[in-house]
Amino acid sequence: MRHIPNLLCLARLGLAPFCAVAIVRGEYRLSLALFFLAGITDFFDGYLARRMSWASVWGAYLDPLADKALMAAAYVAMGVAHLAPWWLVALVFGRDLAILLGAAVLYRRVKQPGFPPSVTGKISTGVQIGSAVAILGVAAELLPLWFAPLGIVCTAAGTLASGIEYMLRGWRMIRSVNLAILLSLFSAALSSEPVRIETSGWKLWSHRPATAPRVYVDETVTRSGKGSLAVSGNNNASVHGGWEYAVRDIKPNAWYRFTAYCRTQGVAHPTWQILPRLDWQDARGKRSGQPEYVYQAREEGNWSRTWLEVRAPENAAGVVLQLYLSHAPAGIVWWDDVSFEEIAPPADRKARVAAINLRPDRTQSREENIERFLRAADQSAPGRLDMILFPEGMTVVGTGRSYVDVSEPVPGPSTAALGDYARRRNSWIVAGIYEAEGGAVYNTAVLIDRQGRLAGKYRKVYLPREEYERGLTPGNTFPVFDTDFGRVGIMICYDVFFSDPAKALAALGAEVILLPIWGGDETLAKARAIENRIFLVTSGYDHPTYIMDPDGERLSIAQERGTAAVYTIDLNRRYTHPHLGDMRGRRMKEQRTDVVIPPPRVDR
């Protein structure tokens, strides 16, 4: 279905010679009918391309080609039939030739792939069509004689005006590449509104012609109404590149916000095939620091808003805004409403976290266990806290009972006791208990909010064989939860032996992973923090209890039973690699989602 606009363009292209032959043979009414039929195809192919989002790379070429072919055939035929003067035919052809040559010069100078259509140009094309209809209508004795000379005069005036305007626009675009940037930044200083980067001033970048995409300004797919910056894979599997825009007068260490809206077609894996980046430059035009990957995105209707707030390097003097498409041969991405603005530095986003180290022994019930844990939290972590983490299985450890014996519904008695405590401490709580639902029992960690309400739960996905053998059922999702200080994810114990739980939580935006754990590999736990660039908080029995930063450094550790690891983490602090930059954003955009990991199998 999406090829219907292209088929309509081909039909219009095929009508052009038949229309010309009818004019030369004096069959003017037939030529008018063919002309009207071509006009209907022109209307519907444009309507369907916009309405149904069926615009394509081929359509971007076929539509203007079919229009020009029809007009050229009609005017040449009218010249041969002595219905229009040859100077008018030459004027119509001369305008299109001048635009074609100007587009070639423009691309060579500023990498702008052609002229965006103008109002004057569209009016001129409309006048040419109307004049052709008028001349043929007079010849077919359907219109008064004075329609023909009026059409000739209007066509000449409109064609001259349009041609002159295109020449002036091209000259201004060549001379004002850098001026456009300066004016945009100047207007930003005078206004609190984000500065929209216009479509002029952008250039094509690719490493070499063999990997270059096709870039063009698309008036048919636009959010702003002013045209979008399109990047097409151009049927090239090795495509990598796109639009670039250089911004000057960047203030070192100042904060900036980049925002852009994109829309895609034929892009199977947008997280890594679509690459918006900020490439900082020093005063000499050399790379400053490391490029920033714009990875935050949210769907807004038919468009996706992507943005990043980031601090400029200490020696930055400029930045290149990059809108790339990578290895998507059948893909097209349209960019619109691109803005770049200086912002106030963000406030610290701090959260005070406590992880409890306690292992009750010879207790009688889950209720007694919970009481001991809450008493230990009061004694070892007094004062204001944003999050308190208790270990895995806090309702079974030391009781001598089975998982099934201590299982309970959620919400249930344990969540009620934890809720009362969370409300008294005005703190979020994560705690490991055993959940009964139907005939299943789950190893579950519950999340309680500051008001004592159940805010969420996570059922342990990776169960060791010992837990299967003792009647537990695994969970099957990796949820993340929004708190008033940031987004958190939860893993439980054996999850740490596998990379995908932490990977999934980080991909969903978790900034902190809370890990109630009985015992597990410390090296793997450290790897989960480093590889996903997240804070990791553990509360364990045979595994140590600590708070770890995204570099894998333990910020606080509870060495003794009955103590707590307590630390105030700053979720707005950036942990960057000196050579690789911000690996959190970089992993989000460079992770290969197209390469499928096969299920475990050993062929002997």
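Structure: see above.
Since the model is a prediction, treat every value here as computed from it, not as a measurement.

Parameters at a glance
- Residues numbered from 1 in each chain as written.
- Predicted model: local features only at pLDDT ≥ 70, side-chain atom pairs only at ≥ 80, totals over all residues.
- Heavy atoms only, no water.
- Helix = DSSP H or I, 4+ residues; strand = E, 2+ residues; numbered from the N terminus.
- Buried < 20%, exposed > 50% of the residue type's maximum accessible area, 1.4 Å probe, protein only.
- Contact = heavy atoms within 4.5 Å.
- Areas by Shrake-Rupley, 256 points an atom, 1.4 Å probe, with all protein chains shown as cover.
- Pairing = 2+ DSSP bridges.
- Axes fitted to C-alpha atoms, helices over the stretch in contact; angles between N-to-C directions.
- Salt bridge = Lys/Arg side-chain N within 4 Å of Asp/Glu carboxyl O.
- Parallel < 35°, antiparallel > 145°, perpendicular 65-115°, else oblique.
- Left-handed = near helix turned anticlockwise from the far one by under 90°.
- Nonpolar A, V, L, I, M, F, W, Y, C, P; charged D, E, K, R; others polar.
- Polar contact = N/O pair within 3.5 Å; in protein donor to acceptor, adjacent residues only side chain to side chain.
- Arc of directions from axis to C-beta.

### So, the overall build of the chain
When its secondary structure is counted, the chain shows 15 helices and 23 strands. Counting every position in the chain, which comprises 604 residues, the buried fraction comes to 51%. Within the chain, contacts between residues at least 6 apart in sequence are counted, and of these 71% link residues at least 24 apart. Surface exposure of the chain reaches about 28400 Å², of which carbon and sulfur atoms provide 57%.

### As for the sheet that holds strand β21 (residues 545–548)
Spatially, six strands are ordered β17-β18-β19-β20-β21-β22 in an open sheet, and the strand pairing comes out mixed. Strands with a single pairing partner mark the edges of an open sheet, and in this sheet they are β17 (480–482) and β22 (554–558). Taken over all neighbouring pairs, the strand axes of this sheet differ in orientation by 20 degrees on average, direction set aside. Taken together, the three bridges between β17 and strand β18 (residues 487–490) define a ladder with antiparallel strand orientation. Pairing of Asp-482 across the sheet is with Arg-487, part of β18. Sitting on the sheet, helix α14 (residues 522–532) touches β20 (535–540), β21 and β22, and the angle it makes with β21 is about 25 degrees.

### Looking at the pattern of salt bridges
Taken as a whole, this structure holds 37 salt bridges when the rule is applied. Between Glu-341 and Arg-257 there is a salt bridge, and its shortest N-O distance comes to 2.8 Å. With a gap of 84 residues between them, Glu-341 in strand β11 (residues 332–343) and Arg-257 in strand β5 (residues 255–265) connect regions that are remote in the sequence.

### A word on the packing of helix α13 (residues 499–507) against α14
Geometrically, a packed helix pair is captured by the angle between its two axes and the distance between the axes. Viewed as axis vectors pointing N to C, α13 and α14 meet at an angle of 30 degrees, and their least axial separation amounts to 10 Å. Viewed along their axes, α13 and α14 adopt a mutual orientation that is roughly parallel. Note that α13 runs across α14; the crossing there is right-handed. Facing Ser-499, Ala-502, Lys-503 and Ala-506 of α13, the residues of α14 in contact are Arg-528, Glu-531 and Asn-532. The class makeup of the residues in the contact of α13 with α14 is two nonpolar, two polar and three charged.

### Comments concerning the side chain of Ser-206
Within the element layout of this structure, Ser-206 appears in strand β1 (residues 203–206). In this structure the side chain of Ser-206 is engaged in a polar contact, spanning 3.2 Å, whose partner is the backbone oxygen of Arg-208. The residues contacting Ser-206, other than those within four sequence positions of it, are Thr-211, Ala-212, Pro-213 and His-240.

### Here we look at helix α15 (residues 583–590)
Among all positions of α15, only Arg-584, Gly-585 and Lys-589 are buried. The arc enclosing the buried residues of α15, seen along the axis, measures out at 125 degrees, which places them on a common side. Elements that come into contact with the buried residues of α15 comprise α8 (270–273), β6 (274–281), β7 (292–293), α13 and α14. The distance from a side-chain oxygen at the start of α15 to the backbone nitrogen of Arg-584 is 3.1 Å, and the residue carrying that oxygen is Asp-582.

### Focus on the sheet that holds strand β23 (residues 563–570)
Read across the sheet, six strands follow the order β16-β15-β14-β13-β12-β23 without closing on themselves; strand pairing throughout is mixed. Edge positions in the sheet fall to β16 (454–459) and β23, since each of these pairs with one other strand and no more. Strand-to-strand twist in this sheet, taken as the mean axis angle between neighbours without regard to direction, amounts to 30 degrees. Sheet topology note: the strand β12 (residues 350–357)/β23 ladder contains eight bridges and is antiparallel. Each bridged residue has a counterpart across the sheet, and for Ile-356 the counterpart in β23 is Ala-564.

### Points about the environment of Ala-422
Tracing the backbone shows Ala-422 in helix α11 (residues 413–425). Note: C-alpha distance between Ala-422 and Ile-448 (26 residues apart in sequence) is 6.9 Å. With residues up to four places along the chain from it excluded, the contact list for Ala-422 reads Ser-427, Ile-429, Ile-448, Asp-449, Arg-450 and Gly-452.

### What to know about the side chain of Ser-228
Structurally, Ser-228 is set in strand β3 (residues 228–232). With relative accessibility at 0%, the residue Ser-228 sits in the buried group. Within the local environment of Ser-228, its side chain forms a polar contact with the backbone oxygen of Val-221, the two atoms lying 2.5 Å apart. Non-local contacts of Ser-228, meaning those with residues more than four positions away in its chain, are made with Tyr-216, Val-217, Asp-218, Val-221, Thr-222, Trp-334, Trp-335 and Asp-336.

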